[in-house]
Amino acid sequence: MSSQNRRRPSNTIEVNFLTRWLVLVFMFGLAGLFFVYLKNQQHSIGDQTREVENELREAEASNAALDAKITGMTSRGALQRRLDEGYLKLEGIRDTAIARITPAQPAEPDGVLRTASHDPDSRFDTEASPRTMSR
Amino acid sequence: MRGIRSRIGIVCSLLALIFTFFAWRLIYLQVLKHDYYSAKAAEKNDRKKVIPARRGRILDRNGEELAVNTPVQLVYADGSHIHDPAVVASVSAPFLEIPVKELTEKLTTKSKYVVIRKGMNDDKAHDMIRALDHANLHGLYLEEGSVRSYPNCDMLCHVLGYVDHTGHGADGIEKMFDHELTGNDGFRWIEHDRKGREIVVYRGQEQLPENGTDIRLTIDMGLQAIAEKEVDATYKKLHPVAATAILADPNTGEILAMASRPNYDPNHFGDATPEKLRNRAISDMYEPGSTFKIVVTSAAFNEGIVDQNTRIFCENGRFAFCGKTIKDHHGSGDLTIPEILMKSSNIGAAKIALRMPDDKYYDYVRRFGFGQKTGLPLPGEISGRVNPPNRWDKLTKSRMAFGQSVSVTPIQMVMAMSTIANGGSLMKPRLVMNKGEGDKVESPETIREVISKKTSSFISHALVTVLSDQGTAALARVNGFTAAGKTGTAQKISPHGGYLENRYIVSFAGYLPVENPRLVGLVIVDDAPLSESMNYGGAVAGPVFSQIAGQAARHLDLEPEAGSELMQSASSGSKSASLR
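Here we summarise the structure given alongside this text. (Residues numbered from 1 in each chain as written. Chains lettered and ligands numbered in written order. Predicted model: local features only at pLDDT ≥ 70, side-chain atom pairs only at ≥ 80, totals over all residues. Heavy atoms only, no water.)

Attention now moves to the overall build of chain B. Scanning chain B for helices and strands turns up 20 helices and 20 strands. The globule rule puts the C-alpha radius of gyration for 580 residues at 25 Å, and the 35 Å found for chain B is more than 25% above it. If one aligns the C-alpha atoms of chain B with their principal axes, the spans along those axes are about 145 × 65 × 45 Å. Relative to its 580 residues, chain B shows a buried fraction of 53%. Total accessible area on chain B stands at roughly 25600 Å², and carbon and sulfur atoms take up 53% of it. With 69 positive and 67 negative side-chain charges, chain B shows a separation of 4 Å between the mean positions of the two kinds. (Helix = DSSP H or I, 4+ residues; strand = E, 2+ residues; numbered from the N terminus. Rg over C-alpha atoms; globule rule 2.2 N^0.38 Å. Buried < 20%, exposed > 50% of the residue type's maximum accessible area, 1.4 Å probe, protein only. Areas by Shrake-Rupley, 256 points an atom, 1.4 Å probe, with all protein chains shown as cover. Lys, Arg positive; Asp, Glu negative; His and termini not counted. Charge placed at Lys NZ, Arg CZ, Asp CG, Glu CD.)

Now the structure itself:
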C-alpha cells in the first residue's frame, strides 16, 4: 500500500488519441493551405487569362487597324490619286497582246482575236462625224 | 482552489460571451445583411462590360470593301482611382493631346466615369496605358470602339451614306440596313479590383456579341469608277448645277453604278452641304424631255394604234394645237415612227399621243413605272409626278408625249429604258446582292410585262437610228458596238411657274449591245451654263454616255460586233502598226 503511495503521480498520454487529433488538425490545416494555394493559383491563372485576352484583343485591333489602312491605301480613290501624282502608271495593252481564256470569235479576216479595243489609235473619231441636233 | 475555479469560470464566460458576440456579428453581416452588403460590394466593384458587336462591312459585287471599321479607343477616367490628378495628367497629356492644365481639371473628379477622349488611335491609347502602368498610376481606362471609314472617300457616297456620331446609319445603305449592319452588342458582368482590373475568377454572366451582317451591293466598282470619272470631268468642265450617271443591267435590274455631282466625302460628312448630300438619282425629279418619247411610241405600237408603216405628218415644224404652238427643232413632213424618234419630233410624238385614249395612255405611263417609287433600298426616293387623266387640261396629253407636264426621277427613266432593252419587262431595280450570304444572288424580280417583244424590238431598232448621222445623238455612239438610245433636252421649270429661259436639263438614256443588251445607262446634266445652240442632250450628255459605255464595255469584256466602226478602224490601225 505504502509502495503504491510512494509512486510519483503521473498522467498517461494517450498517444493514439493525440495522434488521431494531430492528424485531423494537420489534415484540416493542409486542406486549408491547399484551398488557399488553389485560390491563389486560380487568381494567378485568371490574371494570365486576362493578359492573354488583352494581348489577343490588342492583336485583333491592330490587325483590324492595319486592314483598314491597307484597304485605304489600295482603294480606287487612293490609287487614282497616286496615278494622278505620277507614282503609278497605266500601260495600255495592245489588242494583239490580249489572249482570251474563253473561246473568242475572230471578227477580222486577219484572225486577230479581239475582246475590245485598248488601242487609242483605233478609237472612233467622234469629232469627225456630222452632227444633227434636235431637242 | 475554489477561488481559482471561480476565476477560470469568469474568464471562460467572458470568452464565451465575446465569441458569442463575434458569432452573432458574423451571422448579422453574412446572413441577415447579406443582400445589403452584396449590393454595396457589387455597386463598388461589379460592372456590366459591353462587348461591342462589329458593324458589318459594305462590299461591292466583287467583294471590294466600300465601308469598313477602324478600331479606336474611348478613354475614360474613374475619379475614385485617381489620387493625384496632376501627376496622372502630366503622364497622359502628351498621348491624349490635351493641355496638362485642362486635363488636370477634368481628372479632378469623384465621378467614376468621365469621358476624356473619344476615337483615340488604338496604338497610342495602349502606349498611354503602358506609360501609366510604368509610373504605377491608375484612373484612366480604355473602352473599345470603332469608327466607320470609307476607303474610296467620295466615290459612291450617295449610295453608301454615312454613320452619325451614335454609330448608326444616317443616310444611304448605312441607314436602310442599319439593323442588319449593327448586329447586337454582347455583355459580361465583371468584378474589378482596386486598380480597376478585372478579377477573372469572379467573372459573371456573359453573352457574346452578334456581329453585323456584311451587305454586298450589286455595284461594280470598276464601272462606278468609270462613271465617277466621266461625271466628274463633265462637272468640272461644264460647271452644271448637277450631273448624274446611272448604269444598270437591263435583264436583272441590278444597279451597277450610280454617280452624282455635287458629292461629299462620308469620312467628313459634317463638311457636306444639303445640296451635296442629295442623291439626285432618286430624289430629284425633272421633266425628261424627249427621252419620254419612248413611252408614247411603245404604247401606241403595242396597242396597234401605229405600225411600222404609219406615217405622221409633222406640220413642217410648227403645229398649232389648242391655242399653243408645238415646235420641232427641224421641220419635217411625213415621218415614220422610227423617224420621229430619230429626229426627235415633238409634233410627231404629240400626234401619236392624241391618237391614244387618255386612260390607255396614262396606263402605259404608269406601267413603265413612272409616278411611283421603284423601291430601291435608299432613303429619300420620290415617286415623281404623273397626273391622272381627270387632272389633265387640253394640252397635257400632247405635252406628256415629249416629256413635259410629267416629272420623273433618273432611276425611273433607267428602268423604263431597261424595259425597251430587255424585251418589254419592267424589272425591279436592285442595289443589294445579298446580306451576308456569301456569293448567293437573289433572282431578278419582274414587276410586270409592259410591252411585247415585237414592240420592244421595233422601238429598239428605231432607237439605234437616233445614234446615226441623221439622228440627234451621233456623239453618243460607242466604239465597236451598236448602241441604242434617246436624247432629252428639257427646259427647267421656274419655281414661279412656266419655264426658265435658256436653262436646260439635258440627258441621254441608252443601252448596248442592241441585240443582247448588257448595259443600260443614263446621263443627266442639269443646267450647264452653255449657249442655247450647244445645250442639247445629244451634244452634252451623249458624248459622256459614249465615254462611259465604251469603257464599261471593255470592263465587262463585251465582244465588239463584227462590221462595227471599231472593226473598220481597228483593222486599219493594226495594218498601220504592222507597217511601222
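Residue and element names in this part refer to chain B. Spatially, the three strands line up as an open sheet ordered E1-E6-E7, and their pairing is antiparallel. Strand pairing shows two members of the sheet lacking a second neighbour, strand E1 (46–51) and strand E7 (206–207), which therefore form its edges. The sheet contact formed by E1 and strand E6 (residues 186–191) spans six bridges and is antiparallel. Counterpart to aspartate 46 in the pairing with E6 is glutamate 191. (Pairing = 2+ DSSP bridges.)

All names here are of chain B. With respect to the helices and strands, lysine 428 occurs in the loop between strand E15 (425–427) and strand E16 (432–435). Using a relative accessible area of 24% as the deciding quantity, one classes lysine 428 as partly exposed. With 40 residues separating them along the chain, lysine 428 and proline 388 place their C-alpha atoms 23 Å apart.

Turning next to the packing of aromatic side chains. Across all of its chains, the model carries 15 aromatic pairs over all chains by this definition. On the numbers, 4.8 Å between centres and 50° between planes, the contact of Phe508(B) with Phe545(B) is tilted. Separated by 37 residues along the polypeptide, Phe508(B) in strand E19 (residues 499–512) and Phe545(B) in helix H19 (residues 537–555) bring together distant segments of the chain. Aromatic rings pair up to connect Tyr76(B), Tyr113(B) and Tyr141(B) into one cluster. It is Arg82(A) that lies over the ring of Tyr87(A); its NZ or CZ is 4.9 Å from the centre. (Phe/Tyr/Trp six-rings, centres within 6.5 Å; stacked < 30°, edge-to-face > 60°. Lys NZ or Arg CZ within 6 Å of the ring centre and 35° of its normal.)

Right, let's talk about the state of the cysteines for a bit. Under the definition given, this model contains zero disulfides over all chains. Not engaged in a disulfide, the cysteine Cys314(B) finds its nearest cysteine sulfur in Cys322(B); these two sulfurs lie 18 Å apart. (Disulfide = S-S within 2.5 Å.)

What follows deals with the pattern of salt bridges. Pairing between side chains of opposite charge can happen when the charged atoms of each approach one another. One pass over the structure, following the stated rule, counts 32 salt bridges over all chains. Glu51(A) is paired through a salt bridge with Arg50(A); the nearest N and O atoms lie 3.8 Å apart. By relative accessible area, which is 40% here, Glu51(A) ends up partly exposed. On the basis of relative accessible area, Arg50(A) is assigned to the buried category, the value being 10%. Note that Arg55(B) and Asp178(B) form a salt bridge whose closest N and O atoms lie 2.9 Å from each other. Remark: Asp178(B) occurs in helix H8 (residues 178–182) and Arg55(B) occurs in the loop between E1 and strand E2 (58–59); sequence separation between them is 123 residues. For the residue pair Arg55(B) and Asp178(B), the accessibility class agrees, reading buried in each case. Residues joined in a network through salt bridges with shared partners are Arg54(B), Arg57(B), Glu65(B) and Asp214(B). (Salt bridge = Lys/Arg side-chain N within 4 Å of Asp/Glu carboxyl O.)

What follows covers the pairing of strand E20 (residues 519–526) of chain B. All names here are of chain B. Most of E20 sits out of view: eight of its eight residues are buried. Side chains Leu519, Gly521, Val523 and Val525 of E20 all project onto a buried face; the interleaved residues Val520, Leu522, Ile524 and Asp526 project onto the opposite face, where all are buried too. Where strand E9 (residues 242–248) and E20 come together, seven bridges link them in antiparallel fashion. Of the residues in E20, the one forming a bridge with leucine 247 is glycine 521. Pairing of E19 with E20 involves eight bridges; the strand directions are antiparallel.

Contact geometry for helix H2 (residues 15–73) of chain A and helix H5 (residues 122–134) of chain B: axes closest at 10 Å, N-to-C directions at 150°. The pairing of H2(A) with H5(B) is recorded here as roughly antiparallel in orientation. Residue-level inspection shows Glu58(A), Ala61(A) and Ser62(A) of H2(A) in contact with H5(B), the latter providing Asp122(B), His126(B) and Arg130(B). When its residues are assigned to classes, the contact of H2(A) with H5(B) shows one nonpolar, two polar and three charged. (Axes fitted to C-alpha atoms, helices over the stretch in contact; angles between N-to-C directions. Parallel < 35°, antiparallel > 145°, perpendicular 65-115°, else oblique. Contact = heavy atoms within 4.5 Å. Nonpolar A, V, L, I, M, F, W, Y, C, P; charged D, E, K, R; others polar.)

The values are spatial; any link to function lies outside them.
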